[in-house]
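Secondary and tertiary structure notes
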Amino acid sequence: MEKIIKAEKIKKAFRTEELETWALNGVDFEVSKGEFVAIMGPSGCGKSTLLNILGLLDNPSEGCYWLNGTDVASFTEEHRTDLRKGVIGFVFQSFNLIDDLNVYENIELPLLYMGIPKKERKERVEAAMQRMDITHRSKHFPQQLSGGQQQRVAIARAVVASPEIILADEPTGNLDSKNGIEVMELLRRLNSEGTTIVMVTHSQRDASYADRIVNLFDGEVTVETKNI
Amino acid sequence: MLIHYIKMAVRQLLKYKFHTIVSALCMAVGLTINGYIGTAVKCQFTDGTLVSIPKRSGETTTYAEYKDIVDKGIEGVCRFHTHDYTHEKLLAYSDNVEELYPIRARGISNDFFRNHYDPRGSLVLSGRDSIGEDEILIARQLAERIFGEKDPIGRTLTLLNDTLSNDDSRKEKFYSGKSYRIAGVCENIYTNGHQWQIYVPMHDKGECAMVYGYLKDGYSVNEVRKAIDEVEWRSADDGKPYGMIAIQQNYDRDFWLSMVLLVLFSLLIFATGLINFMKFVIQMFYSRQRELALRKCLGSNNRGLYMLLANEVFIMLTVSFFLSCITSELSVMYLDFLNVDIFDEIPMRMIIPVQLHTAIMAFIVSLAAIFLPIMKLRRASMRGALMRHRQGNKMRNFMIGLQFAVAIISFSFLALALQTEKAECGRHEEQLSEEELERILVISNLQHNWEQIRPLLEKLPIVEEFTYSSNENMRKSALNAQKLYVNNDSIYADIIAYGDPSYFKFFKLPVDGKIVPPDANNYVYIDRKLHQALLVGGTYDGTVEMENGLKYSVAGVIDKVLTRDWDNVYVSGHGYVSTAGSIFFVSPLGLTFYYRIKDGVSMKEAHKAFEKEFYKFVPKTFEIEIPTLKEINDDLNTVNRMMKHLAYIMAFISLLVVVLSIYSTISLDATTKQKEIAIRKINGARKGDILRRFVVPYATVYSVTFLIVYPLLACFYISVTNGNGRMISTGMIFAIGAMIYFGIMALIAVVTWHKIKMIMGINPAEVIRRE
């Protein structure tokens, strides 16, 4: 199967004046197109760091990273931004919606930066809201929504540009079980429609939605399990 | 608990060190400017409506009559005071040491300082409010010269009439031979631009320049006039009745305008500082919602939150106040260093209380202002809070707009004023080189035995050439204008000077015509501009008639256009008029004498030779100033340079405050909006998008402010300068506008670029991880 993500010997160090911490220590990681992969591990094992590197938010200190066959490890920030647009969508545990923008405006944001015309933006935002069942909340601001609703807005924002990959960092971490299940169902539905999903989670239940589980410990991949 | 609040406030302020310093500094600058200008303007105005009470006949009021008026009183008038005319022909000696010093004195009524608001008066008298019959006040500089010490309080000074000249002065004789005890010393005594060296109590027969008083509350000048008419006033000398009238003292339009502009300007700078200060405090408050929520969870009430903010405001304002004391001291020292005579000297002890009052007012305003966000926090619904946050941006934008307006106003006014073309104006001495100016000695207004000294100087072998005129120096020519008649047409002309026609040869001013001797009767010279104006009617016959009916022959036409440095000139009975040219009257009398020293003679030798002749007729204790024409020119240019310099400083300060304020706002934005920027970057925002996100709101506010303020200012400026001979073209207004628009924008861009670049380059992963 075609590899959409391929990372080899990825290392990431965080340096302060006194200390050098290796968050990732030679991670090899691959994801096939249309796959749903869950990354698990204890706190501080490097899950989020790996996800940030996969999402082109950060550069690895060492190692190679191919996204859709392009080596992106040494790309500049501007280059990474361009590559990320419309290819990768993000969903975070703390939703990361902009407080000053309403639901519609939050979802519209990636399309704005992609330079999509207004009419098309409107169609795509409305479609995304409908898909996430939040159309009735379009004029509301994030702080007026429940956690589940906020996460649905975040997912709508992640999918509105029809990205090939969605990177989700503990998407249910701040939600109750009912809302958590709803979010996971949404992600599974997106995956079944062809979107590749890489999800960081602590939850076995959430991980059970994935095709494959990768376990990280102290910055290294320890076990890989396939869900049947 | 209070200690906890103070501790938290200090920590919070230290957390945002840079913003705290910038806000405190902006506030300090506002307090300094407001304190200084507020004090200066206060000194210009008295604390009440001043009325003058002259005799209806136009005769002067004697001091005895003044005392009679005070004794009887006038209904509706209080705080009477008076002073007499200048006494320039007095000599003095100290403590029976009969070394004579020439002095300039002013006689004042006993109640002068008690009833007349004079900021320096209270200092002069060291807490007392009047001087006794045998007491005088002396300027420190004169005290040092005569007594060799700064505070000769208690020592005596004997006044004499000017016995060196044979001029029998009526005014000075009252003081001659009388000894006075020195009651107080002051730095300088200035009144209406004149420096007085001594204040002396008025003599009963002395003439009051004017009788002054203040209107009591609730009285009009008309009621006072009625009250005056109801009393029978009789002369102290001959018992003859006389009438009086009360006249309300009004400052002229230009004076009011300049004072209003100064106050407005200082208030705008103060408002800028205050806005920046409040913006910082409130923005800090909004960025601490989590902490405030936690505090509320832990039992804090709104009073506690208020105290938290109030302590921050108090600490910052205290720092600002002390900073403003330092900046004021530095400003006063700087103005002293520049020796700028814009306002009379203003001591720090007068400025500090104004600053303190302003700071207290700012504290009260701030306390009221911080009450608002706390009340809103308590009553807030989620949606309401969000909507208010958006409105808050509008308010913030308005405040930033106001700050921009200050910078635009100050710079535009400066630029417009500098670019305004003055009426064509030539200077008398501009044909002479710098070297030639250095070789001309100038003697002005000498009175002591001048008639004996003058011929000796003219005969000195080192003197190559000399001339004289009535004007005090080159720039002060054309102090007034004259209405001329050419047949039945009238025209106004500036009077350049009265003097010897050799003046033109001396100053290399080409004259088309004949040079007549100085004692030739009824001859004038006119400049080319006036000549052309006279020719227009076709009736000009080589003579001009003055308003008083005297006819003058025009002996020649001066090729250069010689006129005043300012544009409108006041002609008694005609108001401010614009003039067609200028005129020089031939006269044997002079006030200023010019001596060209022969080449090869050192100027030091020339000075010595001049002084030698002087001291044959005046005591050594007389200081004789014989500057060169170049020194006079440099002095005059220095004043112009200083005025421009000061205008630049004021404009620079306002711009500095605005730039610092904008920098502080952007910097605080960069700190508080990191998460938003990170989210935007995660969602595809490039550096350019982030740049636009920061720049567009500021650029919009700036552009809107500019489009509102600059045209209004330009219209105002044109209306103010219209009709006084100053002109500025529409093209120049546009050019200056464009220059200021892009100039201020570029300056702000340069200063804030580092911060914007930093926020553009933030690592979103880092920010999200921190969150």
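To start, this report covers the structure provided alongside it. What you are looking at is a predicted structure, and each value in this text was computed from that prediction instead of being measured.

What follows concerns the overall build of chain A. Scanning chain A for helices and strands turns up 7 helices and 10 strands. Across the 228 residues in chain A, those meeting the buried criterion constitute 54%. Put simply, 68% of the contacts in chain A that link residues at least 6 apart link residues at least 24 apart. Accessible surface, chain A as shown: approximately 9,900 Å² in total, 48% of it carbon and sulfur.

The next thing to look at is the interface of chain A and chain B. By a frequent convention, interface size equals the accessible area lost on bringing the separate parts together. Listed per partner, the contact involves 28 residues of chain A and 26 residues of chain B. Between chain A and chain B, the buried area comes to about 2,500 Å², and carbon and sulfur atoms account for 51% of it. It is E78, D100 and Y113 of chain A in chain A that bury the most area against chain B; as a group they hold 24% of the surface buried on that side. Across the contact surface, chain A and chain B share 2 salt bridges. E78 of chain A is paired through a salt bridge with R686 of chain B; the nearest N and O atoms lie 3.1 Å apart. Here chain A and chain B share 8 residue pairs in polar contact (both at pLDDT 80 or more) between them. In terms of residues, the side of chain A that touches chain B owes the most to one element, helix α2 (residues 77–84) of chain A, which gives 5 residues. Partitioned by chemical class, the residues of the side of chain A that touches chain B number 11 nonpolar, 6 polar and 11 charged.

By size, the foremost hydrophobic cluster in this structure holds 77 residues, and its most contacted members are I5, F29, Y65, L67 and V198 of chain A together with F404 of chain B. Looking at which element gives the most residues to this core, the answer is helix α20 (residues 687–721) of chain B, with 10 residues. Once residues lying within four places of it in the same chain are set aside, the contact partners of Y65 of chain A are I5, K6, A7, I10, I53, L54, L56, T70, D71, V72 and A73 of chain A.

The subject of this paragraph is helix α6 (residues 140–147) of chain B. It helps to recall that an α-helix has 3.6 residues per turn; residues three or four apart then point in one direction. All names here are of chain B. The complete set of buried residues in α6 reads R140, L142, A143, I146 and F147. Viewed along the axis of α6, the buried residues span an arc of 155 degrees, placing them on a single side of the element. Turning to α6, the residues buried within the fold contact β3 (77–94), β4 (97–108), β5 (135–139), β6 (156–161), β7 (178–186) and β10 (198–201). Two residues or fewer past α6, G148 is found with a positive phi of approximately 70 degrees.

The subject of this paragraph is the sheet that holds strand β9 (residues 212–217) of chain A. Residues and elements named next belong to chain A. Strand order in this open sheet of 6 strands is β6-β7-β8-β3-β9-β10, and the pairing throughout is mixed. Where the open sheet ends on each side, the last strands, each with one partner, are β6 (88–92) and β10 (220–226). Between one strand axis and the next, the sheet turns by 15 degrees as a mean value, whatever way the strands run. The sheet contact formed by β6 and strand β7 (residues 165–169) spans 5 bridges and is parallel. When the sheet's bridge partners are listed, G89 is paired in β7 with I166.

The rules behind the values
Residues numbered from 1 in each chain as written. Chains lettered and ligands numbered in written order. Predicted model: local features only at pLDDT ≥ 70, side-chain atom pairs only at ≥ 80, totals over all residues. Heavy atoms only, no water. Helix = DSSP H or I, 4+ residues; strand = E, 2+ residues; numbered from the N terminus. Buried < 20%, exposed > 50% of the residue type's maximum accessible area, 1.4 Å probe, protein only. Contact = heavy atoms within 4.5 Å. Areas by Shrake-Rupley, 256 points an atom, 1.4 Å probe, with all protein chains shown as cover. Buried area = accessible area lost by both parts, 1.4 Å probe. Salt bridge = Lys/Arg side-chain N within 4 Å of Asp/Glu carboxyl O. Polar contact = N/O pair within 3.5 Å; in protein donor to acceptor, adjacent residues only side chain to side chain. Nonpolar A, V, L, I, M, F, W, Y, C, P; charged D, E, K, R; others polar. Core = buried A, V, L, I, M, F, W, Y, C linked by side-chain atoms within 4.5 Å. Arc of directions from axis to C-beta. Pairing = 2+ DSSP bridges. Axes fitted to C-alpha atoms, helices over the stretch in contact; angles between N-to-C directions.

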